[in-house]
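As a plain string of letters, each chain reads:
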Amino acid sequence: RMIPVAVVGATGLVGQAVLDLLAERQFPASRVFAVDAGEQDGQTVSFGNIELDVHDVEDFAFDQVRLAIFVAGADVSRRFVPEAGKAGVAVIDFSGAYRLDGDIPLIVPEVNGDTLADWESLSLVSLPNCTVAPLARALKALEAHGLSRITVSTYQSVSGSGQAAMEELANQTTALFNQRESDVAVYPKRIAFNLLPAIGAIGEDGVSDEERSLMLELPRLLGRTDLIIEAMCVRVPVFFGHAWSVHVETATPPDADRARKLFAAVGLHVVDEPSREDGFATPMEVAGSEDVWVSRVRATPRGLAFWVVADNVRAGAARNAVRVAERLLADGRLD
Ligand code: 2RA
């Protein structure tokens, strides 16, 4: 069965990655519409080897499609997801707008895809933050050992903030080599050759938006509202690839070998050769991949420590959008 699909936010990094994956995975789309907010002025985006015109979301007739994948951010989602819903379109939303709404499923197919069956109607499925999804997959692998507390520090690349942030890192780096000043616009301080320990706004409790996202979305995905999560999120001067340093406390800690097998069994790449100086995965190698990589696995007094790394745009965001779309189609939810 072929269905018409819209990608809203098509000109962004995640939008382009969604289009790439739809094409690479030969999603059965009878037609794909590229849509985004704002005047598009003849702009095009690529879908496989086709160039698509970009439609302004303000004038887009949603009743032309059966499925819309929204990756344009919370403001656009809040405004246009209800409109798409009224037109009878199923929506997959990658924004913060609905992630904590108990009436809407929050899904990573490999983590809680089976819970989709519990929902009678599925007009809207929300996807977690790209900082959450790869980590959820790694934690899911350890579930049988009884997770009780998770302490995580993130190392997040600038592509997580979009194209303008990537340009800011590139410009600041060149400027520093040429002993020039350059603009600080996207971030509150220079990101080149620096580390920024605050992602999003910091609340009255001292927790940043990004940390809160981990603290609230991981328990929902893992179906464990009692899980204790401590997080510190840091922006690093890397273009693509988020990384996580993770300590978990478990009721029955697996040894490192067993943990490596558990990670591999759920499809994660385990690159962990302590005897080699370069026996671990880094953002450099995982950029462009849809997969999640695990390294530095070792037992700790109360559990396990490990390193996770994944391309935030492809593995953290676009992959979930496309896999959820495939799942809805396979389950007959888009008939
Ligand atoms: C970031 N997770 O990396 C955010 C984007 N959603 O900035």
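Residues numbered from 1 in each chain as written. Predicted model: local features only at pLDDT ≥ 70, side-chain atom pairs only at ≥ 80, totals over all residues.

Caption draft 1: Layout of the packing of helix α1 (residues 13–24) against helix α9 (residues 314–330). One can describe the packing of α1 onto α9 by two numbers: an axis separation of 9 Å at closest approach and a directional angle of 50 degrees. On the basis of the axis angle, α1 is oblique to α9. Pair α1 / α9 crosses with right-handed handedness. Seen from α1, the contacting residues are Val14, Ala17, Val18, Leu21 and Leu22; seen from α9, they are Arg314, Ala317, Ala318, Arg319, Ala321 and Val322. (Axes fitted to C-alpha atoms, helices over the stretch in contact; angles between N-to-C directions. Helix = DSSP H or I, 4+ residues; strand = E, 2+ residues; numbered from the N terminus. Parallel < 35°, antiparallel > 145°, perpendicular 65-115°, else oblique. Left-handed = near helix turned anticlockwise from the far one by under 90°. Contact = placed C-beta atoms within 7 Å.)

Caption draft 2: View of the site of the ligand. All residues adjacent to the ligand are Asn129, Cys130, Thr131, Gln156, Gly160, Ser161, Ile199, Glu210 and Asn312. A breakdown of the residues in the shell around the ligand according to their chemical character gives two nonpolar, six polar and one charged. (Near = placed C-beta within 6 Å. Nonpolar A, V, L, I, M, F, W, Y, C, P; charged D, E, K, R; others polar.)

Caption draft 3: The arrangement of the UniProt feature "active site" (unreviewed entry) in the protein chain in detail. UniProt marks Cys130 and His242 with the feature "active site" (unreviewed entry), using the numbering shown here. On the basis of their most widely separated C-alpha atoms, the annotated residues across 113 residues gather in one place, lying no more than 8.5 Å apart. With 26 C-beta atoms counted inside 10 Å, the residue Cys130 sits in the buried group. Inspection of the secondary structure puts His242 in strand β10 (residues 242–250). Among all residues touching His242, those that are not within four sequence positions of it are Cys130, Thr131, Thr154, Tyr155, Gln156, Ser157, Gly160, Ala310, Asn312 and Gly316. (UniProt positions renumbered as here; feature names shortened; annotations may be inferred. Buried ≥ 20, exposed ≤ 12 C-beta atoms within 10 Å, placed from the backbone.)

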